[in-house]
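Letter by letter, the chains look like this.
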Amino acid sequence: MRMDRKIIAIGIVFLFCLAGVTIARSNEKIVKCIISVPPFSIENYDEKYVEIKIEGSSYLMKEGYPVLPKISKTFEIEFGAKDISINVLPKNIKEYIIDKELLPSPSLLPLSIENAFYFKNEVFYSSGETFPISWFAYKIGCGLNDKMERVTFVAIHIFPVR
């Protein structure tokens, strides 16, 4: 492999453990959770790309950007909660260098794997940017839980690899 070729994965950062996922409401009721990220593996997809796998995770897929593992956790808090704040504190961050590019996310068009088209965002892959920008994202919504009680759901998506 040529050394002058820029490798997207130089800045890959893996998060072994996330500590202090905190959800707080206006009256300061605090929910804390420690999430340990299972070991990861880097597997060859083909001769050009690799993919990162974490057991029990799903995947963050955005067309043109790398397919990356994500871990989702949903919390239930009292219905009508306001001023909800979310804090995720990453711990034990390590950096790895890999020799191939990460597999780009496929377009959302194909009906079968034979027709899958992988669009690679060349601007991103040739830059030093990290993806995603943050270690986590979250969504807040209301609904009925499995006991048919009205609750506020806080879904946190953690991205242990950037």
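Throughout what follows, the structure given in this document is the object of discussion. Predicted model, so just to flag it, every value in this text is computed and none were measured. (Residues numbered from 1 in each chain as written. Predicted model: local features only at pLDDT ≥ 70, side-chain atom pairs only at ≥ 80, totals over all residues. Heavy atoms only, no water.)

Turning next to the overall build of the protein chain. Per the secondary structure count, the protein chain includes 1 helix and 10 strands. Each helix and strand of the protein chain, ordered N terminal to C terminal, gives the series β-β-β-β-β-β-β-β-α-β-β. Among the 162 residues that make up the protein chain, the fraction classed as buried is 43%. Across the protein chain, every contact between residues at least 6 apart in sequence was considered, and the portion connecting residues at least 24 apart equals 67%. As presented, the protein chain carries roughly 10,000 Å² of accessible surface, and 55% of it is formed by carbon and sulfur atoms. (Helix = DSSP H or I, 4+ residues; strand = E, 2+ residues; numbered from the N terminus. Buried < 20%, exposed > 50% of the residue type's maximum accessible area, 1.4 Å probe, protein only. Contact = heavy atoms within 4.5 Å. Areas by Shrake-Rupley, 256 points an atom, 1.4 Å probe, with all protein chains shown as cover.)

Once that is clear, we can look at the pattern of salt bridges. Applying the stated criterion to the full structure yields 2 salt bridges. Here Glu43 ties to Lys53 by a salt bridge, and the two come within 3.4 Å at their closest N and O atoms. Of this pair, Glu43 sits in strand β3 (residues 40-44) while Lys53 sits in strand β4 (residues 49-54); the two residues are 10 residues apart in sequence, bridging distant segments of the chain. Put simply, Lys53 and Glu51 hold a salt bridge, and the shortest N to O gap is 3.8 Å. Here the salt bridges share partners, and the residues they tie into one network are Glu43, Glu51 and Lys53. (Salt bridge = Lys/Arg side-chain N within 4 Å of Asp/Glu carboxyl O.)

Right, let's get into the sheet that holds strand β6 (residues 68-78). Here 4 strands make up an open sheet; going across it, the order is β5-β6-β10-β9 and the pairing antiparallel. With partners counted over all chains shown, the strands left at the sheet margins are β5 (58-60) and β9 (136-144), one partner each. Geometrically, the sheet is characterised by an average inter-axis angle of 40° between neighbouring strands, direction not taken into account. By the bridge criterion, 8 bridges tie β6 to strand β10 (residues 150-158) in an arrangement that is antiparallel. What sits directly across from Ser72, in β10, is His157. (Pairing = 2+ DSSP bridges. Axes fitted to C-alpha atoms, helices over the stretch in contact; angles between N-to-C directions.)

So, about the pairing of β9. Remember that side chains alternate between the two faces of the sheet whenever the strand is regular. Bridging between β9 and β10 involves 9 bridges; their strand directions are antiparallel. The partner of Phe136 across the bridge, within β10, is Ile158. In this antiparallel pair of consecutive strands, β9 and β10, the connection spans 5 residues, and Met148 shows a positive phi of 65°.

Ranked by internal contacts, the top residues of the largest apolar core, which has 27 residues, are Ile84, Ile86, Leu102, Phe131, Val154 and Ile156. Elements supplying a minimum of two residues to this core: β2 (30-36), β4, β6, β7 (85-96), α1 (122-125) and β10. In terms of residue count, β6 provides more of this core than any other element does, 4 residues in total. (Core = buried A, V, L, I, M, F, W, Y, C linked by side-chain atoms within 4.5 Å.)

Here we come to the environment of Pro66. Tracing the backbone shows Pro66 in the loop between β5 and β6. If sequence neighbours within four positions are ignored, Pro66 has contacts with Leu60, Leu102, Leu103, Pro104, Ser105, Phe124, Tyr125 and Phe131.

Okay, the side chain of Glu51 next. By secondary structure assignment, the location of Glu51 is in strand β4. Classification of Glu51 as buried rests on a relative accessible area of 19%. With sequence-adjacent residues up to four places away left out, Glu51 is seen in contact with Ser41, Ile42, Glu43, Tyr45 and Leu103.

Moving on: the side chain of Thr152. Among the secondary structure elements, Thr152 is positioned in strand β10. Its relative accessible area of 2% is what places Thr152 among the buried residues. In this structure the side chain of Thr152 is engaged in a polar contact, spanning 3.1 Å, whose partner is the backbone oxygen of Glu78. In contact with Thr152, not counting residues within four places along its chain, are Phe75, Glu76, Ile77, Glu78, Phe79, Gly80, Ala81, Ile84, Ile140, Gly141 and Cys142. (Polar contact = N/O pair within 3.5 Å; in protein donor to acceptor, adjacent residues only side chain to side chain.)

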